[in-house]
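The lines below spell out each chain.
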Amino acid sequence: MTTEKLPDKALLECAKKMLVACGKLSQAEAEDLGTAGRCRKIDSDGSTRRFWRLTGGDGPFCLLAAPAGTSPVELAESRSAWFIGRHLFKKGAPVPELYGWDESSGVLLFEDLGDTRLQDIVVQKREPQAPPGAAALACYRSVLEHLAAMQYQGAVDFDQSWCWDSARYDTQLMVEKESGYFLRAFWQDLLGKEYDEGVVEELQEIARQAGEAPADFFLHRDFQSRNIMVQEGTVRFIDFQGGRLGPLGYDLASLLIDPYCSLPLSVQDELVAFYLKAIDRYLTIDAVDFKKQYTLLALQRNLQIVGAFSFLYKVRQKPFFMDFIRPSLVSLSHRLGEPLFQDYPLIRTMVNRGIKELVPA
């Protein structure tokens, strides 16, 4: 957490008006927001968005989010957060309540869910590679129950015009923003190497197979432990502005292969089985087909993770992410060792070479 300056006057005035309009603050209370201790900047991980915690008479109650600028892309992302967040809230998903949105500035106001993330619950008092404790496993089960409901119910009446990036997770997205991201941000930019075109062909074929999974469900797209808050024992989901339609297995894989928590494979398998029971309340799916789809989508997500962390470390100059690149590569190597990927030797060799050549910061 930082103690950087307050939002500029225009953003703060915009927030005050919205909070008064929605009944969260009186006019007098709103005027106090600009005083010391009532508005405090907080960190934003890999996002370029800026966040401030707003405090009222009874303590923290609201977060103010604003894009770094007012480009069409930045404003579109804010718009997505507003419309998708309100949709999920109405469908009963455990997302924060949204209090207001200003279209011209991109300012967004939403419920403050505190500072405890699922990652904090998992890693506390835990030895490396050890299974998570009972409290953490209980959180995961709760998350999976809510995830299954959100995937099914969130797709009902979902308007694809709300999406700022793309309306659906598909093969083209996998090639451009996952395997392509891995090749550019990790292999070329971070390691400074060129790749064999044969690797591209292998990754395209893997993406083609992954794209065969049914993709008519709500997809969060960044469903990992730092985007899951735990408030008084209840799990809540944030950072849903990248939501779109997509396959069931992707968000599940995002959660279970999350390098912030490094769940043992046995625990991952246990939680996949639990998820299958949770989704069975809404859909009848073939477990064998689903596990094949899950394996392919987990590989796609793993490629995206390595690419994203490499970009955030190298380009955004955020050293926090360097610590998680090697574990993500090791996870990717293990995945590529599964029988489903035996016909893709080039990408397997590339990943193993990347592990050896990655130099710690």
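Note that residues are indexed from 1 along each chain, following the sequence as it is written. Whole-chain, interface and lining totals are the exception, using all residues; otherwise, since this is a predicted model, local features are given only for residues with pLDDT of at least 70 and side-chain atom pairs are given and counted only at 80 or more. Heavy atoms throughout the structure, all of them, feed into the side-chain values; hydrogens and water do not.

Participant: Is there a simple way to think about the overall build of the protein chain in this case?
Facilitator: The way it works is that DSSP assigns letters per residue, a run of H or I at least four long becomes a helix, a run of E at least two long becomes a strand, and they are numbered from the N terminus. Tallying secondary structure elements over the protein chain gives 12 helices and 9 strands in all. For 361 residues, the compact-globule formula gives about 21 Å, and the C-alpha radius of gyration of the protein chain, at 21 Å, lands near that figure. Projected onto its principal axes, the C-alpha positions of the protein chain cover 65 × 45 × 45 Å. Whether a residue is buried, partly exposed or exposed follows from its accessible area with a 1.4 Å probe, protein chains only, as a fraction of its type maximum: under 20%, in between, or over 50%, in that order. Counting over 361 residues, the protein chain shows a buried share of 54%. Long-range contacts, defined here as pairs at least 24 residues apart, represent 72% of the contacts in the protein chain between residues at least 6 apart. Computation of the radius of gyration draws on C-alpha atoms alone. For the globule rule, the value is 2.2 Å times the number of residues to the power 0.38. For this analysis, residues touch if any pair of their heavy atoms sits within 4.5 Å.

Participant: Looking at this structure, I do not really get the packing of helix 7 (residues 197–210) against helix 10 (residues 287–314). What am I missing?
Facilitator: Packed helix pairs are characterised by how far apart their axes lie and by the angle those axes make with each other. Only the stretch in contact is used when a helix axis is fitted, and all axes are lines through C-alpha atoms; the angle between N-to-C directions ranges over 0 to 180 degrees. Close contact between helix 7 and helix 10 brings their axes to 9 Å; oriented N to C, the two are set at 130 degrees. Comparing their axes, helix 10 and helix 7 come out oblique. The way helix 7 lies across helix 10 gives a crossing that is left-handed. Across the interface between the two elements, Leu203, Ile206, Ala207, Gln209 and Ala210 from helix 7 touch Lys292, Leu296, Leu297, Leu299, Gln300 and Leu303 from helix 10. In what follows, roughly perpendicular refers to angles from 65 to 115 degrees, roughly parallel to angles under 35, roughly antiparallel to angles over 145, and oblique to any angle outside these ranges. A clockwise turn of the near helix away from the far one marks a right-handed crossing, whereas an anticlockwise turn of less than a right angle marks a left-handed crossing.

Participant: When you look at unusual backbone geometry in this model, what are you seeing that I'm missing?
Facilitator: Both trends apply: most residues other than glycine have a negative phi, and most peptide bonds are in trans. Of note in this structure, Arg221 is not a glycine but carries a positive phi near 85 degrees. Residue position: Arg221 is located in the loop between strand 6 (217–219) and strand 7 (228–231).

Participant: Any chance you could explain the pairing of strand 3 (residues 59–66) here in plain terms?
Facilitator: In terms of burial, strand 3 is largely enclosed, as 7 of its 8 residues are buried. Note: two strands are recorded as paired if DSSP finds a minimum of 2 bridges between them. When strand 2 (residues 50–56) meets strand 3, the two strands line up antiparallel, connected through 7 bridges. Bridge pairing in strand 3 links Arg50 to Ala66. The turn linking strand 2 back onto strand 3 is made up of 2 residues. Sheet topology note: the strand 3/strand 5 (residues 108–111) ladder contains 4 bridges and is antiparallel. Within the sheet, the bridge partner assigned to Leu63 lies in strand 5 and is Phe110.

Participant: Sorry, what's going on with the nonpolar core here?
Facilitator: Nonpolar side chains in soluble globular proteins generally cluster together in the buried interior. Within this scheme, the nonpolar core is defined by two criteria: the residues are buried Ala, Val, Leu, Ile, Met, Phe, Trp, Tyr or Cys, and they are joined through side-chain atoms within 4.5 Å. The biggest cluster of nonpolar side chains holds 100 residues, and the ones touching the most others in it are Phe182, Phe186, Leu255, Tyr275, Tyr294, Leu329 and Ile347. No other element matches helix 10, which puts 11 residues into this core. Contacts of Leu329, omitting those with residues within four sequence positions, involve Phe182, Phe186, Val306, Val351, Gly354, Ile355 and Leu358. In terms of nonpolar packing, the next biggest core, distinct from the first, is built from 19 residues, Cys14, Leu19, Phe61 and Leu64 among them.

Participant: Just checking my understanding: could you explain the packing of aromatic side chains for this structure?
Facilitator: In this description, a pair of aromatic rings is defined by centroid distance and the angle of the planes. A pair of Phe, Tyr and Trp rings is counted when the ring centres sit within 6.5 Å of each other, with Trp represented by its six-membered ring. The angle between the planes then sorts it: under 30 degrees is stacked, over 60 is edge-to-face, the rest tilted. Here the structure, examined in full by the defined rule, presents 20 aromatic pairs. With 6.4 Å between their ring centres and 10 degrees between their planes, Phe83 and Trp162 make a pair best called stacked. In this pair, Phe83 is assigned in helix 3 (residues 72–90) and Trp162 in the loop between helix 5 (134–153) and helix 6 (171–190), connecting sequence segments 79 residues apart. Each member of the pair, Phe83 as well as Trp162, carries the same accessibility label: buried. Taken together, Trp82, Phe83, Trp101, Phe158, Trp162 and Phe218 form an aromatic cluster joined through their ring pairs. To sit over a ring, a charge needs its Lys NZ or Arg CZ within 6 Å of the ring centre and within 35 degrees of the ring normal. The aromatic ring of Trp52 is capped on one face by Lys41, whose charged end is 5.7 Å from the ring centroid. Here Arg226 stacks its cationic end above the ring of Tyr260, 5.6 Å away from the centre of that ring.

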